[in-house]
Amino acid sequence: MPVVHVSGIRKTYGRTVAVDEVSFDVHAGEIFGLIGPNGAGKTTTMECAEGLRAPDRGTISVLGMDPIRHAYALQERIGVQLQEAQLQKRIKVREAVGLWASLYRNAVDGDRLIEQLGLGDKRNAWFMTLSGGQKQRLFIALALINDPELVFLDELTTGLDPQARRAIWDLVRGIRQRGKTVFLTTHLMEEAERLCDRVAIIDHGRIVDIGTPAELVRRNCPERAVIIVTEDRAALERFRAIPRVASVTCEGSRFTIRGQEDDLVTEVIECLAEQHIRAIDFRTEHPTLEDVFLKLTGHSIRD
(Lines give C-alpha, C1' and ligand atoms only; values in the text may rest on other atoms or scores of the structure.)
Protein backbone atom coordinates (compact mmCIF):
# COMPACT_ATOMS: atom_id res chain seq x y z
CA MET A 1 0.00 0.00 0.00
CA PRO A 2 1.37 3.46 -0.89
CA VAL A 3 2.15 5.79 2.00
CA VAL A 4 0.15 8.48 0.17
CA HIS A 5 -2.48 7.62 -2.45
CA VAL A 6 -4.11 10.49 -4.35
CA SER A 7 -6.76 9.64 -6.91
CA GLY A 8 -8.58 12.10 -9.17
CA ILE A 9 -8.76 15.01 -6.75
CA ARG A 10 -10.13 18.37 -7.82
CA LYS A 11 -10.13 21.61 -5.83
CA THR A 12 -11.61 24.93 -6.89
CA TYR A 13 -11.82 28.38 -5.34
CA GLY A 14 -14.77 30.07 -6.98
CA ARG A 15 -14.06 30.00 -10.70
CA THR A 16 -10.38 29.21 -10.19
CA VAL A 17 -9.44 25.56 -10.64
CA ALA A 18 -6.42 25.02 -8.39
CA VAL A 19 -6.15 21.23 -8.77
CA ASP A 20 -7.73 19.27 -11.62
CA GLU A 21 -7.94 15.45 -11.61
CA VAL A 22 -4.58 14.92 -9.88
CA SER A 23 -3.48 11.34 -9.16
CA PHE A 24 -0.20 9.89 -7.84
CA ASP A 25 1.26 7.56 -5.21
CA VAL A 26 4.08 8.12 -2.73
CA HIS A 27 5.92 4.94 -1.74
CA ALA A 28 7.49 4.09 1.61
CA GLY A 29 11.06 5.23 2.14
CA GLU A 30 11.30 7.58 -0.84
CA ILE A 31 11.66 11.30 -1.33
CA PHE A 32 8.79 12.24 -3.62
CA GLY A 33 8.65 15.70 -5.15
CA LEU A 34 5.69 17.60 -6.55
CA ILE A 35 7.34 20.19 -8.77
CA GLY A 36 6.20 23.11 -10.84
CA PRO A 37 5.98 26.91 -10.91
CA ASN A 38 4.26 29.05 -8.30
CA GLY A 39 0.50 28.84 -8.67
CA ALA A 40 0.59 25.41 -10.30
CA GLY A 41 -1.37 23.71 -7.50
CA LYS A 42 1.47 22.18 -5.48
CA THR A 43 0.59 23.62 -2.07
CA THR A 44 -3.15 22.99 -2.49
CA THR A 45 -2.46 19.36 -3.37
CA MET A 46 -0.16 18.94 -0.39
CA GLU A 47 -2.61 20.62 1.99
CA CYS A 48 -5.32 18.22 0.83
CA ALA A 49 -3.00 15.30 1.61
CA GLU A 50 -2.20 16.81 5.02
CA GLY A 51 -5.91 17.14 5.82
CA LEU A 52 -5.78 20.93 5.95
CA ARG A 53 -8.14 21.22 2.99
CA ALA A 54 -10.86 18.93 1.68
CA PRO A 55 -10.88 18.25 -2.08
CA ASP A 56 -14.13 18.90 -3.94
CA ARG A 57 -13.96 15.37 -5.31
CA GLY A 58 -11.56 12.45 -5.51
CA THR A 59 -10.00 10.33 -2.79
CA ILE A 60 -6.87 10.60 -0.65
CA SER A 61 -5.33 7.99 1.62
CA VAL A 62 -2.41 8.77 3.96
CA LEU A 63 -0.90 5.82 5.83
CA GLY A 64 -4.09 3.95 4.96
CA MET A 65 -6.35 6.60 6.50
CA ASP A 66 -8.53 9.47 5.32
CA PRO A 67 -6.67 12.69 6.22
CA ILE A 68 -9.92 14.50 7.08
CA ARG A 69 -11.81 11.83 9.03
CA HIS A 70 -8.72 10.44 10.78
CA ALA A 71 -6.94 13.76 11.34
CA TYR A 72 -6.17 13.20 15.03
CA ALA A 73 -4.79 9.70 14.48
CA LEU A 74 -2.58 10.94 11.65
CA GLN A 75 -1.21 13.84 13.67
CA GLU A 76 0.79 11.36 15.75
CA ARG A 77 2.31 9.75 12.63
CA ILE A 78 3.07 12.63 10.25
CA GLY A 79 5.20 15.76 10.41
CA VAL A 80 4.36 18.96 8.56
CA GLN A 81 6.47 21.97 7.57
CA LEU A 82 4.22 24.63 6.03
CA GLN A 83 5.23 26.97 3.21
CA GLU A 84 4.48 30.08 5.27
CA ALA A 85 5.04 29.62 8.99
CA GLN A 86 5.97 31.96 11.81
CA LEU A 87 6.52 31.75 15.53
CA GLN A 88 6.36 34.37 18.25
CA LYS A 89 9.29 36.75 17.86
CA ARG A 90 10.60 36.20 21.37
CA ILE A 91 10.08 32.46 21.72
CA LYS A 92 13.42 30.70 22.15
CA VAL A 93 14.47 27.71 20.06
CA ARG A 94 14.40 25.33 23.04
CA GLU A 95 11.02 26.72 24.14
CA ALA A 96 9.50 26.14 20.69
CA VAL A 97 10.79 22.58 20.52
CA GLY A 98 9.60 21.90 24.08
CA LEU A 99 6.15 23.31 23.31
CA TRP A 100 5.76 21.14 20.21
CA ALA A 101 7.03 18.08 22.12
CA SER A 102 4.32 18.58 24.74
CA LEU A 103 1.65 18.18 22.08
CA TYR A 104 2.53 14.56 21.32
CA ARG A 105 2.36 11.37 23.34
CA ASN A 106 5.62 9.99 21.92
CA ALA A 107 8.02 12.88 21.29
CA VAL A 108 11.73 12.41 20.66
CA ASP A 109 14.46 14.03 22.76
CA GLY A 110 14.13 17.73 21.88
CA ASP A 111 17.66 18.67 22.98
CA ARG A 112 19.17 15.92 20.86
CA LEU A 113 17.06 17.00 17.86
CA ILE A 114 18.27 20.58 18.27
CA GLU A 115 21.85 19.35 18.18
CA GLN A 116 21.24 17.09 15.18
CA LEU A 117 19.88 20.02 13.18
CA GLY A 118 22.83 22.24 13.97
CA LEU A 119 20.96 24.60 16.30
CA GLY A 120 22.83 23.80 19.51
CA ASP A 121 24.47 27.22 19.74
CA LYS A 122 21.08 28.86 19.08
CA ARG A 123 19.25 26.93 21.80
CA ASN A 124 18.51 30.11 23.79
CA ALA A 125 18.20 32.47 20.83
CA TRP A 126 14.93 34.21 20.07
CA PHE A 127 13.14 33.18 16.90
CA MET A 128 13.38 36.69 15.47
CA THR A 129 17.20 36.62 15.63
CA LEU A 130 17.57 33.46 13.53
CA SER A 131 18.71 33.53 9.92
CA GLY A 132 16.49 32.18 7.16
CA GLY A 133 18.31 28.86 7.08
CA GLN A 134 18.18 28.54 10.89
CA LYS A 135 14.43 29.21 10.90
CA GLN A 136 13.91 26.50 8.28
CA ARG A 137 15.97 24.05 10.34
CA LEU A 138 13.84 24.90 13.37
CA PHE A 139 10.64 24.25 11.40
CA ILE A 140 12.08 20.91 10.27
CA ALA A 141 12.84 20.13 13.93
CA LEU A 142 9.21 20.89 14.82
CA ALA A 143 8.05 18.61 11.99
CA LEU A 144 10.26 15.78 13.31
CA ILE A 145 9.59 16.14 17.06
CA ASN A 146 7.02 13.30 17.05
CA ASP A 147 9.33 10.94 15.09
CA PRO A 148 6.88 10.78 12.15
CA GLU A 149 6.67 8.03 9.55
CA LEU A 150 5.87 10.60 6.84
CA VAL A 151 7.16 14.18 6.58
CA PHE A 152 5.55 16.90 4.44
CA LEU A 153 7.91 19.72 3.39
CA ASP A 154 6.42 22.61 1.40
CA GLU A 155 8.89 24.90 -0.45
CA LEU A 156 11.38 24.50 2.38
CA THR A 157 14.34 26.28 0.74
CA THR A 158 12.60 29.17 -1.03
CA GLY A 159 14.54 32.39 -0.46
CA LEU A 160 17.61 30.74 1.06
CA ASP A 161 21.15 31.32 -0.15
CA PRO A 162 22.93 28.39 -1.90
CA GLN A 163 24.92 27.39 1.20
CA ALA A 164 21.84 27.25 3.44
CA ARG A 165 19.90 25.43 0.72
CA ARG A 166 22.49 22.67 0.47
CA ALA A 167 22.57 22.30 4.24
CA ILE A 168 18.79 21.76 4.22
CA TRP A 169 19.18 19.19 1.41
CA ASP A 170 21.58 17.20 3.60
CA LEU A 171 19.01 17.27 6.41
CA VAL A 172 16.29 15.96 4.09
CA ARG A 173 18.54 13.12 2.91
CA GLY A 174 19.19 12.31 6.56
CA ILE A 175 15.43 12.02 7.19
CA ARG A 176 15.15 9.44 4.42
CA GLN A 177 18.19 7.54 5.67
CA ARG A 178 16.40 7.10 9.01
CA GLY A 179 13.68 5.16 7.19
CA LYS A 180 11.16 7.98 6.86
CA THR A 181 9.16 8.95 3.78
CA VAL A 182 9.42 12.54 2.53
CA PHE A 183 6.81 14.29 0.38
CA LEU A 184 8.02 17.73 -0.71
CA THR A 185 7.01 20.50 -3.08
CA THR A 186 9.41 22.82 -4.85
CA HIS A 187 9.66 25.07 -7.88
CA LEU A 188 13.45 24.65 -7.94
CA MET A 189 14.39 22.06 -10.55
CA GLU A 190 17.92 21.60 -9.21
CA GLU A 191 16.48 20.81 -5.80
CA ALA A 192 14.13 18.18 -7.22
CA GLU A 193 16.83 16.64 -9.39
CA ARG A 194 19.28 16.30 -6.50
CA LEU A 195 16.88 15.21 -3.78
CA CYS A 196 13.96 13.28 -5.21
CA ASP A 197 13.70 9.59 -6.03
CA ARG A 198 10.58 10.35 -8.09
CA VAL A 199 8.87 13.56 -9.14
CA ALA A 200 5.51 14.58 -10.51
CA ILE A 201 5.41 17.71 -12.67
CA ILE A 202 2.28 19.77 -12.11
CA ASP A 203 1.22 22.76 -14.19
CA HIS A 204 -2.11 24.61 -14.19
CA GLY A 205 -3.43 22.10 -11.65
CA ARG A 206 -2.71 18.99 -13.71
CA ILE A 207 -0.01 16.32 -13.53
CA VAL A 208 1.80 16.38 -16.88
CA ASP A 209 4.33 13.59 -16.21
CA ILE A 210 5.69 11.48 -13.37
CA GLY A 211 8.78 9.32 -12.86
CA THR A 212 12.38 9.43 -11.66
CA PRO A 213 14.33 12.50 -12.79
CA ALA A 214 16.39 10.29 -15.12
CA GLU A 215 13.25 8.70 -16.61
CA LEU A 216 11.66 12.09 -17.26
CA VAL A 217 14.78 13.37 -19.00
CA ARG A 218 15.20 10.19 -21.05
CA ARG A 219 11.52 10.11 -22.05
CA ASN A 220 11.07 13.78 -22.90
CA CYS A 221 14.53 15.09 -23.82
CA PRO A 222 16.57 12.24 -25.33
CA GLU A 223 18.79 14.57 -27.36
CA ARG A 224 22.43 14.98 -26.35
CA ALA A 225 24.93 17.65 -27.35
CA VAL A 226 28.69 17.64 -27.83
CA ILE A 227 30.43 21.03 -27.92
CA ILE A 228 33.81 21.31 -29.59
CA VAL A 229 36.06 24.30 -30.15
CA THR A 230 38.42 23.86 -33.09
CA GLU A 231 40.10 26.03 -35.73
CA ASP A 232 39.82 23.28 -38.37
CA ARG A 233 37.97 24.86 -41.32
CA ALA A 234 36.75 21.49 -42.60
CA ALA A 235 35.26 20.46 -39.25
CA LEU A 236 31.68 21.50 -40.07
CA GLU A 237 31.29 19.12 -43.03
CA ARG A 238 33.09 16.32 -41.24
CA PHE A 239 30.85 16.62 -38.20
CA ARG A 240 27.76 16.63 -40.42
CA ALA A 241 28.94 13.38 -42.00
CA ILE A 242 28.79 11.54 -38.65
CA PRO A 243 25.98 8.94 -38.85
CA ARG A 244 22.72 9.74 -37.01
CA VAL A 245 23.77 13.29 -36.08
CA ALA A 246 20.62 15.40 -35.94
CA SER A 247 22.24 18.82 -36.40
CA VAL A 248 25.52 20.71 -36.32
CA THR A 249 25.63 24.44 -35.61
CA CYS A 250 28.67 26.68 -35.77
CA GLU A 251 29.44 29.95 -33.99
CA GLY A 252 32.94 30.97 -35.00
CA SER A 253 35.19 28.14 -33.89
CA ARG A 254 32.55 26.64 -31.55
CA PHE A 255 30.61 23.66 -32.92
CA THR A 256 27.52 22.13 -31.30
CA ILE A 257 26.70 18.61 -32.45
CA ARG A 258 23.28 17.23 -31.47
CA GLY A 259 21.88 13.73 -31.68
CA GLN A 260 19.76 11.18 -29.81
CA GLU A 261 22.00 8.13 -29.96
CA ASP A 262 23.66 6.83 -26.78
CA ASP A 263 26.97 6.46 -28.64
CA LEU A 264 26.98 10.03 -30.00
CA VAL A 265 30.00 10.99 -27.90
CA THR A 266 31.93 7.91 -29.06
CA GLU A 267 31.20 8.67 -32.71
CA VAL A 268 32.33 12.28 -32.33
CA ILE A 269 35.58 11.20 -30.66
CA GLU A 270 36.19 8.68 -33.46
CA CYS A 271 35.61 11.44 -36.03
CA LEU A 272 38.15 13.69 -34.31
CA ALA A 273 40.73 10.90 -34.33
CA GLU A 274 40.13 9.69 -37.88
CA GLN A 275 40.02 13.19 -39.41
CA HIS A 276 42.92 14.47 -37.27
CA ILE A 277 40.84 17.39 -36.01
CA ARG A 278 42.61 19.28 -33.23
CA ALA A 279 40.11 20.16 -30.50
CA ILE A 280 40.88 23.16 -28.27
CA ASP A 281 37.91 22.37 -26.03
CA PHE A 282 35.56 19.38 -25.75
CA ARG A 283 32.55 18.96 -23.49
CA THR A 284 29.15 17.35 -23.42
CA GLU A 285 25.80 18.79 -22.40
CA HIS A 286 22.98 16.70 -20.97
CA PRO A 287 19.38 17.88 -20.65
CA THR A 288 18.10 18.57 -17.15
CA LEU A 289 14.77 18.46 -15.37
CA GLU A 290 14.30 22.12 -16.25
CA ASP A 291 14.65 21.24 -19.94
CA VAL A 292 11.91 18.66 -19.43
CA PHE A 293 9.69 21.26 -17.80
CA LEU A 294 10.27 23.70 -20.66
CA LYS A 295 9.30 21.06 -23.19
CA LEU A 296 6.21 19.84 -21.34
CA THR A 297 4.77 23.19 -20.29
CA GLY A 298 6.18 25.62 -22.83
CA HIS A 299 7.40 28.14 -20.27
CA SER A 300 10.25 28.56 -17.83
CA ILE A 301 10.15 28.06 -14.09
CA ARG A 302 8.76 31.18 -12.43
CA ASP A 303 9.95 32.29 -9.02
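Check the entry above for the structure.
Starting afresh in each chain, residues are numbered from 1 along the sequence in its written order. A pLDDT threshold of at least 70 governs which residues receive local features in this predicted model, and a stricter bar of 80 or more applies before side-chain atom pairs are shown or counted, although totals over entire chains, interfaces and linings include all residues. To obtain the side-chain values, all non-hydrogen atoms of the structure were used and water was disregarded.

Student: Is there a simple way to think about the layout of surface pockets in this case?
Tutor: The method is simple in principle: a probe with the dimensions of a water molecule rolls over the atoms, and the space it marks as empty is what remains. The rule is simple: put a 1 Å grid over the protein atoms alone, call a set of points where a 1.4 Å probe fits but cannot get out a cavity, call an open set with protein on both sides within 12 Å along at least five of seven lines a pocket, and count a residue as lining if it has an atom within 4 Å of a point. Grid points are joined across faces, edges and corners, and a volume is the space filled by probe spheres set on the points. Taken as a whole, the largest pocket encloses approximately 500 Å³ of empty space. Forming the walls of the largest pocket are 21 residues, and the residues nearest its centre are Gly 79, Val 80, Leu 82, Trp 100 and Tyr 104. Those elements giving two or more residues to the lining of the largest pocket turn out to be α2 (71-75), β5 (78-81) and α5 (132-144). No other element matches β5, which puts four residues into the lining of the largest pocket. Lys, Arg, Asp and Glu make up the charged group, whereas Ala, Val, Leu, Ile, Met, Phe, Trp, Tyr, Cys and Pro make up the nonpolar group; the residues left over, Gly among them, are polar. For the lining of the largest pocket, a count of residues per class yields 14 nonpolar, five polar and two charged. Quantified by volume, the second largest pocket comes out at close to 250 Å³. Around the second largest pocket, the lining is made up of 19 residues, and of these Gly 39, Ala 40, Gly 41, Lys 42 and Thr 44 lie nearest the centre. For the lining of the second largest pocket, the secondary structure elements donating two or more residues are β2 (16-26) and α1 (42-50). Secondary structure elements follow DSSP: runs of H or I no shorter than four residues count as helices, runs of E no shorter than two count as strands, and numbering proceeds from the N terminus.

Student: Hey, could you run me through the packing of aromatic side chains in this one?
Tutor: The geometry of an aromatic ring pair comes down to the distance between the two centres and the angle between the two planes. Aromatic rings from Phe, Tyr and Trp, with only the six-membered ring used for Trp, were paired whenever their centres fell within 6.5 Å, and each pair was classed as stacked if the ring planes differed by under 30 degrees, edge-to-face if by over 60, and tilted otherwise. One pass over the full model with this rule turns up six aromatic pairs. Taking 5.7 Å as the distance between ring centres and 65 degrees as the angle between the ring planes, the aromatic pair formed by Phe 32 and Phe 183 counts as edge-to-face. Taken together, the residues Phe 32 in strand β3 (residues 31-35) and Phe 183 in strand β7 (residues 181-186) connect sequence positions 151 residues apart. Of the two residues, Phe 32 and Phe 183, both sit in the buried class. Counting every residue linked through ring pairs, the aromatic cluster contains Phe 24, Phe 32, Phe 152 and Phe 183. Only when the NZ of Lys or the CZ of Arg is both within 6 Å of the ring centre and within 35 degrees of the ring normal is a charge said to sit over the ring. Between Arg 90 and the ring centre of Trp 126, over which it is positioned, the NZ or CZ distance is 5.2 Å. Over the aromatic face of Phe 127 sits the side chain of Lys 135, whose NZ or CZ is 4.9 Å from the ring centroid. Relative accessibility thresholds used throughout: buried, under 20% of the residue-type maximum; exposed, over 50%; partly exposed, between the two (1.4 Å probe, protein chains only).

Student: Help me understand the sheet that holds β7, please; the structure alone is not making it clear to me.
Tutor: Sheets are built from strands paired through backbone hydrogen bonds, the pairs being either parallel or antiparallel. Within the open sheet, the six strands sit side by side as β5-β6-β7-β3-β8-β9. Their pairing is mixed. The sheet is open, and its two edges are formed by β5 and β9 (206-211), each paired on a single side. Within the sheet, the average angular offset between the axes of one strand and its neighbour, ignoring direction, is 15 degrees. Contacts are assigned to residue pairs that have any heavy atoms within 4.5 Å of one another. Axis definition: a line fitted to C-alpha atoms, over the contacting stretch in the case of helices. Angles run 0 to 180 degrees between N-to-C directions. Against the sheet, helix α6 (residues 162-177) contacts β3, β6 (150-154) and β7, and its axis sits at roughly 150 degrees relative to β7. Helix α8 (residues 213-220) contacts β8 (198-203) and β9 of the sheet and is inclined by roughly 105 degrees relative to β9. A pair of strands counts as paired when DSSP detects no fewer than two bridges linking them.

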